[in-house]
Amino acid sequence: MATLQLSDYCNPVIALKPSLTSFFIKTDHRNYCGVSRVRVVPRACLQKPSLTRRHLLAETAAISVAPLIIGIEPPAKSEEPLLSEWERVYLPIDPGVVLLDIAFVPDDLRHGFLLGTRQTIMETKDGGNTWVPRSIPSAEDEDFNYRFNSISFKGKEGWIVGKPSILLYTSDAGESWERIPLSAQLPGDIVYIKATGEKSAEMVTDEGAIYVTSNRGYNWRAAVQETVSATLNRTVSSGISGASYYTGTFNTVNRSPDGSYVAVSSRGNFYLTWEPGQPYWQPHNRAVARRIQNMGWRADGGLWLLVRGGGLYLSKGTGISEDFEEIPVQSRGFGILDVGYRSKEEAWAAGGSGILLRTTNGGKTWTRDKAADNIAANLYSVKFIDDTKGFVLGNDGVLLRFLG
């Protein structure tokens, strides 16, 4: 899943076009490639036995408080307590890097890649225990400091997208990466990509354009007929609050296993959905008073919804819905930013100031992992590769690995 933080964007948004068209790209096949125990000896034992009983009692009383006066120091506490289900993985990167996405090669789950801001690409070959920076010559440009938003693998084929618009492709499980040129007329910045099959992928921009390719990115076909702005401005009477004259972008976008999408508008005042075969995005009024922070898909096919201030809602039933119920959570007032499902019953939610929540009954009740409260970072994304491998990504290079 890829989360779009608009505050990180610095370039002006590309002007909208009323409709989307497929574009053709001629590919250049060159590779761009414990406390110590102290023994106190009573002075009374060292003195002459001529001491009176009164003196002996006074001496013994003074000695009984001697350890308090000595002030034996307890062991030093570690800065970060051990988490019950997670461990922190320390990365050799700058503290200011925000981690954005992670993926592993399906045929070798020890081999994976981690993306982030400041042109960060990291690689692991031991399942995520250790990571090393990865340099991709074709992605190095003195004029740009790329923010890599999304990565996806299918077999040995992999794709990476970022901002400013950049697309990287590998056919050898990431041993080498090739840069695929993109049209200058692409509406918006690419925020998500999904490898769907052999030489096939699906990518989404922050303006709602969806493109698919089946020939390794040589050309792309538009899956929707127009951008979200064009759709909303064309249907002013749609009844969607805040949709009229909409000129914003997506705040977040998430894809279900069956190819459906749910996205949150930049202001969080409504959300949109798209299913394969639909010509346009479908806008929906939010069913809660507070603005939406993020939305995504549960393991059972329903939706989860997060609102600003730490609220969590689950849709009633499965599929696309506008009927949600609030679930009490111990968020301490901090915003919850993402939810990741390990199974239909178990999921984890993460958010600001190290908030980490867990459910084992499909989301009906949640408990807080208090050991995570001392993590000095915002946790932006929860990713489960399978039921044994999971990660939480945050700012300042914070990466948590699931212990299972």
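All figures in this text were calculated on a predicted structure; none of them were measured in a lab.

Parameters at a glance
- Residues numbered from 1 in each chain as written.
- Predicted model: local features only at pLDDT ≥ 70, side-chain atom pairs only at ≥ 80, totals over all residues.
- Heavy atoms only, no water.
- Helix = DSSP H or I, 4+ residues; strand = E, 2+ residues; numbered from the N terminus.
- Buried < 20%, exposed > 50% of the residue type's maximum accessible area, 1.4 Å probe, protein only.
- Areas by Shrake-Rupley, 256 points an atom, 1.4 Å probe, with all protein chains shown as cover.
- Salt bridge = Lys/Arg side-chain N within 4 Å of Asp/Glu carboxyl O.
- pLDDT = per-residue confidence, 0-100.
- Contact = heavy atoms within 4.5 Å.
- Pairing = 2+ DSSP bridges.
- Core = buried A, V, L, I, M, F, W, Y, C linked by side-chain atoms within 4.5 Å.
- Axes fitted to C-alpha atoms, helices over the stretch in contact; angles between N-to-C directions.

**Some thoughts on the overall build of the protein chain**
Move 1: Across its full length, the protein chain carries three helices and 30 strands.
Move 2: The buried share among the 404 residues of the protein chain stands at 51%.
Move 3: Of the roughly 19,300 Å² of accessible surface on the protein chain, 49% is carried by carbon and sulfur atoms.

**Details of the pattern of salt bridges**
Move 1: Following the criterion strictly, the structure yields 13 salt bridges and no others.
Move 2: Here Arg216 and Glu178 are joined by a salt bridge, their closest N and O atoms 3.0 Å apart. Of this pair, Arg216 sits in the loop between strand S14 (210-213) and strand S15 (219-222) while Glu178 sits in strand S11 (residues 178-179), and the two are 38 residues apart along the sequence. Grouping residues by exposure puts Arg216 and Glu178 together as buried.
Move 3: In this structure, the salt-bridge partner of Asp323 is Lys316, at a minimum N-O distance of 3.9 Å.
Move 4: Salt bridges linked by common partners bring Glu85, Arg342, Glu346 and Arg358 together as one network.

**What about the confidence of the model for the protein chain?**
Move 1: For the protein chain, the average pLDDT comes to 82, and 76% of its residues sit at 70 or higher.
Move 2: Every residue in residues 1-18 is under pLDDT 50, and counting partners more than four places away or in other chains gives 56 contacts.

**Re the sheet that holds strand S25 (residues 347-351)**
Backbone hydrogen bonds hold the strands of a sheet together, and the pairing may be parallel or antiparallel.
Move 1: Pairing in this open sheet of four strands is antiparallel, and the strands run S24-S25-S26-S27 from one edge to the other. Taken across any chain shown, the strands that pair with only one partner, and hence form the sheet edges, are strand S24 (336-341) and strand S27 (367-368).
Move 2: Taken together, the five bridges between S24 and S25 define a ladder with antiparallel strand orientation. Bridge assignment links Gly340 to a residue of S25, and that residue is Trp348.

**Observations regarding the nonpolar core**
Move 1: The biggest cluster of nonpolar side chains holds 16 residues, and the ones touching the most others in it are Ile121, Phe148, Ile151, Phe153, Ile160, Leu168 and Trp177.
Move 2: Breaking this core down by element, the ones donating at least two residues are strand S4 (99-105), strand S5 (108-116), strand S8 (147-154) and strand S10 (166-170).
Move 3: A total of three residues in this core trace back to one element, the largest contributor, which is S8.
Move 4: Those residues within four positions of Ile121 in sequence are excluded, and the remaining contacts are Phe113, Leu114, Leu115, Val132, Pro133, Arg134, Ile136, Phe148, Ile160 and Leu168.

**Regarding the sheet that holds strand S3 (residues 86-89)**
Move 1: Spatially, S3-S30-S29-S28 is the arrangement adopted by the four strands of the open sheet, whose pairing is antiparallel. The open sheet has two free edges, formed respectively by S3 and strand S28 (379-384), since each of these has just one partner strand. When strand polarity is set aside, the average angle formed by the axes of neighbouring strands in this sheet is 25 degrees.
Move 2: In the sheet, S28 pairs with strand S29 (residues 390-394) via five bridges, with the strands oriented antiparallel. Across the sheet, residue Leu379 finds its bridge partner in S29, namely Gly394.

**Structural notes on unusual backbone geometry**
Move 1: For the bond running from Lys163 to Pro164, omega is -5 degrees, close enough to zero to count as cis.
Move 2: Relative to the helices and strands, Pro164 is located in the loop between strand S9 (157-163) and S10.
Move 3: Phi at Gln119 takes a positive value of approximately 60 degrees, unusual for a residue other than glycine.
Move 4: Here Gln119 shows up in the loop between S5 and strand S6 (120-124).

**Considerations on the environment of Gly363**
Move 1: By secondary structure assignment, the location of Gly363 is in the loop between strand S26 (356-359) and S27.
Move 2: For Gly363, a relative accessible area of 0% gives the class buried.
Move 3: Between the C-alpha atom of Gly363 and that of Tyr341, which follows or precedes it by 22 residues, the distance is 9.7 Å.
Move 4: Leaving out residues up to four positions away in the same chain, Gly363 has contacts with Leu314 and Ile327.

**Concerning the environment of Ser176**
Move 1: Secondary-structure assignment places Ser176 in the loop between S10 and S11.
Move 2: Residue classification places Ser176 among the partly exposed residues on the basis of a relative accessible area of 30%.
Move 3: As a C-alpha pair, Ser176 and Pro137 span 39 residues in sequence and 9.7 Å in three-dimensional space.
Move 4: Apart from residues no more than four positions distant in its own chain, Ser176 is found in contact with Arg134, Tyr169 and Thr170.

**Let's talk about the pairing of S8**
Move 1: Among the eight residues in S8, seven count as buried, and that is most of the element.
Move 2: The sheet contact formed by S8 and S9 spans seven bridges and is antiparallel. Among the inter-strand pairings, Lys154 is bridged to a residue of S9, identified as Glu157.
Move 3: Counted along the chain from S8 to the antiparallel partner S9, the turn is two residues long, and its residue Gly155 has a positive phi close to 65 degrees.

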